[in-house]
Amino acid sequence: MIYITADRTVKPCCPHSAVEALSDDVSLSEILNGPGIREVRRSLLEGELDAECASCPTRPLTDPESLRRKLRIQLARAARGAVKP
């Protein structure tokens, strides 16, 4: 999931702080592949949550293993060319 505010701030989810902002010089693709969001993804998949993720009100809805399972499914779909938005 990604959350983009009206002022073009990009966040990994609505409660989390911004990782970067869209601009004429910075594309969404660059942000989604950049170090800030990659670190958030890594920490979620490894179960090493940052302070914001650790206190997230939606955290009980998921866990590292279910995130890994969802990632494997999405990667398999992408490999078959069947990625759905």
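Throughout what follows, the structure given in this document is the object of discussion. (Residues numbered from 1 in each chain as written. Predicted model: local features only at pLDDT ≥ 70, side-chain atom pairs only at ≥ 80, totals over all residues. Heavy atoms only, no water.)

### A closer look at a negative patch on the surface
- On the surface, Glu20, Asp24, Asp25 and Glu30 cluster together into a patch of negative charge.
- Along the chain, Glu20 turns up in strand E3 (residues 20-21).
- The exposure class assigned to Glu20 is partly exposed, which follows from its relative accessible area of 36%. (Patch = residues over 30% accessible without salt bridge, like charges linked within 9 Å, V, L, I, M, F, W, Y side chains within 5 Å. Areas by Shrake-Rupley, 256 points an atom, 1.4 Å probe, with all protein chains shown as cover. Salt bridge = Lys/Arg side-chain N within 4 Å of Asp/Glu carboxyl O. Lys, Arg positive; Asp, Glu negative; His and termini not counted. Charge placed at Lys NZ, Arg CZ, Asp CG, Glu CD. Helix = DSSP H or I, 4+ residues; strand = E, 2+ residues; numbered from the N terminus. Buried < 20%, exposed > 50% of the residue type's maximum accessible area, 1.4 Å probe, protein only.)

### Re helix H2 (residues 35-46)
- Here H2 contains twelve residues, and its C-alpha end-to-end distance of 16 Å stays within 8% of the 16 Å for a straight helix at 1.5 Å per residue.
- Along H2, the positions that sit buried rather than exposed are Ile37, Val40 and Ser43. Along the long axis of H2, the arc covered by the buried residues comes to 125°, so they all point the same way.
- Contacts from the buried residues of H2 go to helix H1 (28-32). (Expected span 1.5 Å × (residues − 1). Arc of directions from axis to C-beta. Contact = heavy atoms within 4.5 Å.)

### A few points about unusual backbone geometry
- Here Arg8, not a glycine, exhibits a phi torsion of approximately 75°, which is positive.
- Mapped onto the elements of the fold, Arg8 is located in the loop between strand E1 (3-4) and strand E2 (9-11).
- The class for Arg8 is partly exposed, based on a relative accessible area of 39%.

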